[in-house]
Amino acid sequence: MNWSAVKNLLIGILVAANLFLVFNIARQDRARGYIDDDEVLGAVELLAERGLEVPPECIPREKFKAPVYESLYSDEYYTKAAEALSASPREVLLSLPNGGFSITSQNGAVTEFDAEFGFTYSKYNNFDVVAYNEITAENFASEAVLWDDVTSSRLITMEKRAEEFLGLCTGDSGVLAAVVTDSYFDSERGFTYLLARQVLGGYTIYSHYAVCVFENDELIYAGGRWYFAPIDEDYQTELVDQVNILFSDLSELNAGSAQGFALSEETPHDTEMPSDAFPGDAVLSAVRNMQAVYAIYWNADKSAIYFIPAWQIDHSDGMTLVYNATNSTIYARK
């Protein structure tokens, strides 16, 4: 008997068995982590029959797996943030009519906050300069096409500076971070503008952005909506998948149509919206984009905030609806 041939045969059988096992494990892992294509196509067809058009490519296939994050909040939030951003102790604190605060630091920098995490920072207290405060996340792209690209060498330096600046109060865990997504150089004014999004665990925090303005290589202004404090805890929870959220979206559109409220108006985060469905035959809307994000909620006594996984759905008519992914309730409408 040729034992060498037998040994090679056994080795080949073992290799084939291992490959088969690895393939099946990988397939099972994918099935657990992804929505099946047949399920997506079936849902798309059913949604279309009921008035919501959803291109299959708009539905993410990967299941949303993300924890709820908690951040403890204190009365020192504004002072700590202002002192970190200005790199100088607080000198004057003033209450603002909008419920926020204006803090002047000893080095002359001024930082203002509103009650919904909006902020502006001015190194030289020049809030009235239109070139600073007229640029927002909404008009950034339209402004960028009018001006010049930032050279790659300067952009690298500015991106690092902006991300470090916006991350000064968020701790060392790296879970809460800033990511620069766009930039341009206004040659007429001599300013460079960077747009950053705040992300948590790799997911964007809904409506949280900052525009940073540089003169030469100096960051002189920043403004937007941002959270300046570290994450303290995280909790695992079951999340509603993207297919079921789309049916919640259909119900919300039907409810809004039946009750006659304007679907384009802003909905406060603490407002409870109707969730019962009213069937209709007409096309209600079409989905343009769907993405996993985080939404911010206060606890009852405002001693902590919670970052809740959410689904953001952008519609072709310009309306955006955001749903809490833990219970399918509406978080924001814009």
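Cut-offs and rules
- Throughout this document, residue positions are counted from 1 along each chain, in the order its sequence is written.
- At least 70 in pLDDT is required for a residue's local features to be given in this predicted model, at least 80 for side-chain atom pairs to be given and counted, and no such filter applies to totals for whole chains, interfaces and linings, which use all residues.
- For the side-chain quantities, the full set of heavy atoms in the structure was used; hydrogens and water were omitted.
- Per the convention used, a helix needs a DSSP run of H or I reaching at least four residues, while a strand needs a run of E reaching at least two, with both numbered from the N terminus.
- In what follows, a contact means two residues having at least one pair of non-hydrogen atoms within 4.5 Å.
- Nine residue types can take part in a nonpolar core, namely buried Ala, Val, Leu, Ile, Met, Phe, Trp, Tyr and Cys, and a core is a set of them joined through side-chain atoms within 4.5 Å.
- The cut-offs for exposure are 20% and 50% of the maximum accessible area for each residue type, with area from a 1.4 Å probe on protein chains only; residues under the lower value are buried, those over the upper are exposed, and the others partly exposed.
- For Phe, Tyr and Trp, where Trp contributes only its six-membered ring, two rings pair if their centres lie within 6.5 Å, and the inter-plane angle classes them as stacked under 30 degrees, edge-to-face over 60, or tilted in between.
- Distance and angle both matter: a charge sits over a ring if NZ of Lys or CZ of Arg is within 6 Å of the ring centre and within 35 degrees of the ring normal.

Asker: Tell me what's going on with the side chain of Ser-285, and back it up with residues and numbers.
Answerer: Relative to the assigned elements, Ser-285 resides in strand S12 (residues 285–298). In this structure Ser-285 touches Gly-51, Leu-52, Glu-53, Leu-253, His-315 and Asp-317, once residues within four positions along its chain are discounted.

Asker: Can you lay out the nonpolar core for me, pointing to particular residues and giving the numbers?
Answerer: Side chains that are nonpolar tend, in soluble globular proteins, to be buried together. Core analysis: the largest hydrophobic core is formed by 76 residues, its most contacted members being Phe-119, Leu-166, Tyr-227, Phe-228 and Phe-307. Considering each element in turn, this core owes the most residues, seven residues, to S12. For Phe-228, the contacting residues outside a window of four places in its chain are Tyr-77, Ala-81, Leu-85, Phe-113, Phe-119, Leu-166 and Cys-169. One finds Tyr-184, Tyr-193, Leu-195 and Val-211 within the second-largest nonpolar core, a separate group that totals 13 residues.

Asker: Can you tell me about unusual backbone geometry, naming the residues and giving the values?
Answerer: One non-glycine residue, Ala-87, adopts positive backbone phi at about 55°. Along the chain, Ala-87 turns up in the loop between helix H3 (77–86) and strand S3 (90–95). In this model, Phe-117 sits at a positive phi of 75°, which is unusual for a non-glycine residue.

Asker: Can you tell me about the packing of aromatic side chains, naming the residues and giving the values?
Answerer: Taken as a whole, this structure holds 21 aromatic pairs when the rule is applied. Consider the rings of Phe-117 and Tyr-227, whose centres lie 5.5 Å apart with planes at 85°: the pair is edge-to-face. In this pair, Phe-117 sits in the loop between strand S5 (110–113) and strand S6 (118–122) while Tyr-227 sits in the loop between strand S10 (218–225) and strand S11 (233–235), placing the two residues 110 residues apart along the sequence. Using a relative accessible area of 0% as the deciding quantity, one classes Tyr-227 as buried. Note on Tyr-203 and Tyr-294: the rings are 6.3 Å apart at their centroids and 65° apart in plane angle, and the pair reads as edge-to-face. On the criterion of sequence distance, the pair formed by Tyr-203 in strand S9 (residues 203–215) and Tyr-294 in strand S12 is long-range, its members being 91 residues apart. Judged by its relative accessible area of 24%, Tyr-203 falls in the partly exposed class. Here a set of aromatic residues connected by ring pairs shows up, and it is made of Tyr-73, Tyr-77, Tyr-78, Phe-101, Phe-113, Phe-117, Tyr-227, Trp-298 and Phe-307. When the ring centre of Trp-298 is taken as origin, the NZ or CZ atom of Lys-302, which lies over that ring, is 5.1 Å away.

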